[in-house]
Amino acid sequence: MKNIVCLISGRGSNLEAILRAEREQQWAAQLGARVSAVISNRSQAGGLAIAASHGVETHVLAHSAFASREAFDADLAALIDRHDPALVVLAGFMRVLTPAFVARYQGRLINIHPSLLPAFTGLHTHERATEMGVRVHGTTVHFVTGELDAGPIIAQAALAVRPGESADALAARVLTLEHELLPRCIRWILEGSVGLEGQKVISTRIDPALLLRVAA
Ligand code: GRF
C-alpha cells in the first residue's frame, strides 16, 4: 500500500476533500493508496478532528517547542518517514520548510496554493488579487522546491473574478476549485500519470491541456 502523509496547520478543508476522494474513489482498491497519517504543527487545527473522524492516525508536532527551524524539520521528517510515504501533501501547512527537508522529499512533496502562481506567492492572496483588479484568479498545485510557493506546476484551476467581488467571496469560490484540484493531482501522481523529472513536471497519460481547468 502506498502511503500518503498530509501536513496541515488549520481548518483542514483540503484534507477533507482528499479523504472524501479517497473514500468515494476507493483509492485503496483502485490505486493501492491511502492517507496513512495527518500531522499538524498546531494542536488546535480543525483538520485533526476531520482526520480522526475518518479513522486516520494524527500527530501534533508543535513548532513552538523547537529552538530552530532545522530541529523542527528534522523531527517532522522522522515522523513522516515512519510511514515511508509515496507522497507528502502540504494541505494548508503554514510553515516554510528547510532546504534539507525539501531535498529529502524531492518529487514526492506537493503543495496547494490559493493563487495562479507565480502571481501572489505568500499570504492574503485573495485580498491582493481583488486590490490589483486581476480578472482571472485561481489555485495551483505544485511540487515543492526550496523557494516559497514556487516549484514545477502540476495543475491549475482558474476562474473569472466577478465585478466588485469581495476577497471573501473570491476565496470561497477558489476554495471549491482547490477541493477539486488537489485530490485529482494526488491521484495522477499515485497512478504514475504525473511526476517530476529534474525540475520539470512530466505527464505521461494526461493531455497537458487538462492540467488547467477553467471554471464557468
Ligand atoms: C488553502 O487555501 C490552501 O490553498 C492554503 O491554505 C489554505 C488551507 O485551507 N495553502 P484548509 O485548511 O485546507 O481549509
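Visitor: Just to check I follow, could you spell out the overall build of the chain for this structure?
Guide: When helices and strands are tallied, the chain shows 7 helices and 10 strands. The principal-axis extent of the C-alpha atoms belonging to the chain is close to 50 × 40 × 35 Å. Within the chain, buried positions represent 49% of all 216 residues. Contacts in the chain between residues at least 24 apart in sequence constitute 61% of all its contacts with a sequence separation of at least 6. Element-wise, carbon and sulfur atoms account for 52% of the exposed surface of the chain, whose accessible area totals about 10,200 Å². Of the charged side chains in the chain, 20 are positive and 20 negative; the average position of the first set lies 3 Å away from that of the second.

Visitor: Explain the layout of surface pockets here, please?
Guide: The method is simple in principle: a probe with the dimensions of a water molecule rolls over the atoms, and the space it marks as empty is what remains. Estimated volume of the largest pocket: approximately 890 Å³. If you trace the largest pocket, you find 39 residues lining it, with Gly92, Met94, Ile112, Pro114 and Leu123 closest to the centre. The set of elements that each furnish at least two residues to the lining of the largest pocket consists of helix H1 (13-24), strand E5 (109-113), helix H6 (125-132) and helix H7 (167-190). The leading source of residues in the lining of the largest pocket is H7, at 5 residues.

Visitor: Any chance you could explain the pairing of strand E8 (residues 194-197) here in plain terms?
Guide: Successive residues of a regular strand alternate their side chains across the two faces of the sheet. Sheet topology note: the E8/strand E9 (residues 200-203) ladder contains 4 bridges and is antiparallel. Counted as the bridge partner of Val194 is Ser203 from E9. As consecutive antiparallel partners, E8 and E9 are separated by 2 residues, and within that stretch Gly198 has a phi angle of approximately 65°, a positive value.

Visitor: In this structure, what is going on with H7? I would like to understand it.
Guide: Given 3.6 residues per turn, any residue in an α-helix points the same way as the ones three and four places further on. Here H7 is 24 residues long and its end C-alpha atoms lie 34 Å apart, about the 34 Å a rise of 1.5 Å per residue gives. Backbone geometry just after H7 places Gly192 at a positive phi near 85°.

Visitor: Even after reading the chapter, I still don't get the site of the ligand, so can you show me in this structure?
Guide: Around the ligand, the neighbouring residues are Arg11, Gly12, Ser13, Asn14, Gly92, Ile112, His113, Pro114 and Glu178. Contact distances for the ligand include 2.5 Å between an oxygen atom and a side-chain N or O atom of Ser13. Relative to its free-state accessible area of 360 Å², the ligand is covered by the protein chains to the extent of 87%. Spatially, the ligand is embedded in the largest pocket. Those elements that place two or more of their residues in the shell around the ligand are H1 and E5. Here the shell around the ligand is built from residues that sort into 2 nonpolar, 5 polar and 2 charged.

Visitor: Help me understand the nonpolar core, please; the structure alone is not making it clear to me.
Guide: Looking at soluble globular proteins, one finds that nonpolar side chains tend to be buried together. Formed by 42 residues in total, the largest nonpolar core has its most connected members in Ile4, Ile18, Val89, Ile110, Ile154, Leu182 and Ile186. If one sorts the elements of this core by residue count, H7 sits on top with 10 residues. When residues are assigned to domains, this core turns out to be shared by domain 1 (1-105) and domain 2 (114-216), each giving three or more. Counting residues in hydrophobic clusters, the runner-up holds 19 residues, among them Leu61, Leu97, Phe101 and Val144.

About the thresholds
- Residues numbered from 1 in each chain as written.
- Predicted model: local features only at pLDDT ≥ 70, side-chain atom pairs only at ≥ 80, totals over all residues.
- Heavy atoms only, no water.
- Helix = DSSP H or I, 4+ residues; strand = E, 2+ residues; numbered from the N terminus.
- Buried < 20%, exposed > 50% of the residue type's maximum accessible area, 1.4 Å probe, protein only.
- Contact = heavy atoms within 4.5 Å.
- Areas by Shrake-Rupley, 256 points an atom, 1.4 Å probe, with all protein chains shown as cover.
- Lys, Arg positive; Asp, Glu negative; His and termini not counted.
- Charge placed at Lys NZ, Arg CZ, Asp CG, Glu CD.
- 1 Å grid on protein atoms, 1.4 Å probe; cavity = no way out; pocket = protein on both sides within 12 Å on 5 of 7 lines; lining within 4 Å.
- Points joined across faces, edges and corners; volume = space filled by probe spheres on them.
- Pairing = 2+ DSSP bridges.
- Expected span 1.5 Å × (residues − 1).
- Near = heavy atom within 4 Å.
- Polar contact = N/O pair within 3.5 Å; in protein donor to acceptor, adjacent residues only side chain to side chain.
- Sits in = over half its atoms within 2 Å of the grid points.
- Nonpolar A, V, L, I, M, F, W, Y, C, P; charged D, E, K, R; others polar.
- Core = buried A, V, L, I, M, F, W, Y, C linked by side-chain atoms within 4.5 Å.
- Domains from an automatic or database assignment.

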